[in-house]
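Working through the structure, step by step
Listed here are the chains, written in short residue letters.
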Number of protein chains: 2
Amino acid sequence: MQDLPLSLQHLIEQLARLPGIGSKTAQKMAYNLVEMSEREAVDIARAIVEMKKKLHLCSQCHYLTEEELCKFCSNARRNPKIICVVDTPRDLLAIERTREYRGLYHVLHGRISPLDGVRPQDLFIDSLVKRVEEGEVEEIILANSPTLEGEATAVYLSKLLQGKGPRITRIAHGVPVGGDLEFSDEITLLKAIEGRHTY
Amino acid sequence: MQDLPLSLQHLIEQLARLPGIGSKTAQKMAYNLVEMSEREAVDIARAIVEMKKKLHLCSQCHYLTEEELCKFCSNARRNPKIICVVDTPRDLLAIERTREYRGLYHVLHGRISPLDGVRPQDLFIDSLVKRVEEGEVEEIILANSPTLEGEATAVYLSKLLQGKGPRITRIAHGVPVGGDLEFSDEITLLKAIEGRHTY
């Protein structure tokens, strides 16, 4: 590093602050930026600044948007009586890709994880309770990740929302479609058997 | 992608223009930038712009610098009579890491590669010839990569510079130190035997 010009060292340090980008990858990226034309590199920088300026969270469901309400909350053809709770915006997109779900969402922006210092009050849970208490909601689908933290979050929410009106459901666990049964872990397989249904 | 706010889509497209960054990685990086504070994200953008503004090529050897001459060319304790020719700035850094080489460098910024449309005139070869013709140089070490293109470049340069005064040498091919002999390919092994020396 000490043989590099300062501005390049600084860029590598900055890029390495991105989660998942190690110092080798940061170096590679920095060199690619060095070799790009000034215009191309500045376009990338500008896209970061623009995104930060324009993007914020939907005031109702906390998905990403450039408006007051996101494209789902402001879509009159979506069913406002069903709310699907997800951990992150990327999880929302995964569900949207099924092209079947037509209700609204609620993005928690994280999972309860005492080990990482993430407590319930660090997530968008208050606003979910408020949406439920407004009375229009008939079902809350807990689509938290099937990880330890996601399960803990789902259990926490199910207890919190129980008795407030809407039906509380949890997405099914089971063997992934197209997956080979013999490679499924015991817990997934157990859940798949427990969750079996008649044809 | 169409479910993403425009500024985020645009950022993902821009990041995906970096060589080696696929659309999945670009998405991951963009989300990480979304989750960063505005200050952190803008710092990264600023580091790109700063680097582009300050960094240019050394007027003598074409390594990266923020001054007229790079830290090697402007170092009076380096031996200007030896020039080590490398394909890229990263190759220069690799040689520098040996902490043994005390001469100067010449960075070609590429390798001759007709298939990729890289011709000799696209590289910093003219300025190398000029440095040789100025008469002070006693040895040119061709440290081009041991790839097809690197070899072609080294052969081209050796013919071009032959008879102009300095001794033209090529770095040795052989089995890597610490490598297992049985895993070496035939050509490397052949080169290692050809290049054998007495103790």
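Residues numbered from 1 in each chain as written. Chains lettered and ligands numbered in written order. Predicted model: local features only at pLDDT ≥ 70, side-chain atom pairs only at ≥ 80, totals over all residues. Heavy atoms only, no water.

1. Quick notes on the pattern of salt bridges
Residue and element names in this part refer to chain A. Under the counting rule described, the total for this entry stands at 27 salt bridges over all chains. Here Glu139 ties to Arg167 by a salt bridge, and the two come within 3.2 Å at their closest N and O atoms. Here the residue Glu139 occupies a position in strand S5 (residues 139-142), and Arg167 occupies one in strand S6 (residues 167-170), the gap between them amounting to 28 residues. Assessed through its relative accessible area of 15%, Glu139 is described here as buried. Residues joined in a network through salt bridges with shared partners are Arg39, Asp43 and Arg46. (Salt bridge = Lys/Arg side-chain N within 4 Å of Asp/Glu carboxyl O. Helix = DSSP H or I, 4+ residues; strand = E, 2+ residues; numbered from the N terminus. Buried < 20%, exposed > 50% of the residue type's maximum accessible area, 1.4 Å probe, protein only.)

2. A look at the packing of aromatic side chains
Residue and element names in this part refer to chain A. Within this structure, the stated rule accounts for 6 aromatic pairs over all chains. Ring plane angle 55° and centroid distance 5.5 Å describe the contact between Tyr63 and Phe72, whose orientation is recorded as tilted. Accessibility classification places Tyr63 together with Phe72 in one group, the buried group. Judged by centre distance (5.4 Å) and plane angle (70°), the rings of Phe72 and Tyr105 are edge-to-face. Here the residue Phe72 occupies a position in the loop between strand S2 (64-65) and strand S3 (79-86), and Tyr105 occupies one in strand S4 (residues 103-107), the gap between them amounting to 33 residues. Side by side, Phe72 and Tyr105 carry an identical accessibility label, which is buried. Taken together, Tyr63, Phe72, Tyr101 and Tyr105 form an aromatic cluster joined through their ring pairs. (Phe/Tyr/Trp six-rings, centres within 6.5 Å; stacked < 30°, edge-to-face > 60°.)

3. A word on the state of the cysteines
Scanning the entire structure with this criterion turns up 0 disulfides over all chains. Cysteine Cys73(A) shares no disulfide, and the gap to the nearest cysteine sulfur, in Cys61(A), comes to 3.7 Å. Exposure remark for Cys73(A): the relative accessible area of 14% places this residue in the buried category. Left unpaired, Cys84(B) is separated from the closest cysteine sulfur, that of Cys61(B), by 11 Å. (Disulfide = S-S within 2.5 Å.)

4. Some thoughts on empty space enclosed by the protein
Enumeration according to the criterion identifies 1 cavity of 30 Å³ or more in this entry. Here the largest cavity defines a volume of roughly 50 Å³. At the level of elements, helix H2 (23-35) and helix H3 (38-54) of chain A together with helix H2 (23-35) and helix H3 (38-54) of chain B are the ones that each hand at least two residues to the lining of the largest cavity. Of the residues belonging to the lining of the largest cavity, the class tally is 12 nonpolar, no polar and no charged. (1 Å grid on protein atoms, 1.4 Å probe; cavity = no way out; pocket = protein on both sides within 12 Å on 5 of 7 lines; lining within 4 Å. Points joined across faces, edges and corners; volume = space filled by probe spheres on them. Nonpolar A, V, L, I, M, F, W, Y, C, P; charged D, E, K, R; others polar.)

5. Observations regarding the sheet that holds S3(A)
All names here are of chain A. Pairing in this open sheet of 4 strands is parallel, and the strands run S4-S3-S5-S6 from one edge to the other. The two strands at the open ends of the sheet, each matched to only one other strand, are S4 and S6. If you compare each strand with its neighbour and ignore which way they point, the axes differ by 25° on average. Note that S3 and S5 share 4 bridges and pair parallel. Directly across from Val85, in S5, lies its bridge partner Leu142. Contacts between helix H5 (residues 126-133) and the sheet are confined to S3, S4 and S5, with S4 contributing the most and set at about 150° to the helix. Together, S3, S5 and S6 form the strand contacts of helix H6 (residues 148-161), whose direction differs from that of S6 by roughly 170°. (Pairing = 2+ DSSP bridges. Axes fitted to C-alpha atoms, helices over the stretch in contact; angles between N-to-C directions. Contact = heavy atoms within 4.5 Å.)

6. A few points about the sheet that holds strand S6 (residues 167-170) of chain B
Residue and element names in this part refer to chain B. Pairing is parallel in the open sheet, where 4 strands are placed in the order S4-S3-S5-S6. Every other strand in the sheet has two partners, leaving strand S4 (103-107) and S6 as the edge strands with one partner each. Averaged over all pairs of adjacent strands, the angle between their axes in this sheet comes to 25°, without regard to strand direction. Of the strands in this sheet, strand S3 (79-86), S4 and strand S5 (139-142) are in contact with helix H5 (residues 126-133), which crosses S4 at around 150°. The strands that helix H6 (residues 148-161) touches are S3, S5 and S6; relative to S6, the one it contacts most, it runs at about 170°.

7. Description of the pairing of S4(B)
When a strand is regular, its side chains alternate between the sheet's two faces. All names here are of chain B. Most of S4 sits inside the fold, with 5 of its 5 residues counted as buried. In terms of strand pairing, S3 meets S4 through 5 bridges, oriented parallel. Residue pairing in the sheet places Cys84 in a bridge with Tyr105 of S4. At this point the chain moves from S3, through helix H4 (residues 89-96), to the parallel S4, and the crossover so formed is right-handed. (Right-handed = clockwise from strand over helix to strand, strands pointing away.)

8. Here's the deal with the interface of chain B and chain A
With 51 residues of chain B at the contact, the number on the chain A side is 51 residues. When chain B packs against chain A, close to 4,700 Å² is buried across both sides, 68% of that on carbon and sulfur atoms. Applying the counting criterion to the chain B and chain A interface returns 4 salt bridges. Where chain B touches chain A, the interface holds 18 residue pairs in polar contact (both at pLDDT 80 or more). The set of elements that each furnish at least two residues to the side of chain B that touches chain A consists of helix H1 (6-15), H2, H3, strand S2 (64-65) and H4 of chain B. Sorting elements by how many residues they give to the side of chain B that touches chain A places H3(B) first, with 14 residues. (Buried area = accessible area lost by both parts, 1.4 Å probe. Polar contact = N/O pair within 3.5 Å; in protein donor to acceptor, adjacent residues only side chain to side chain.)

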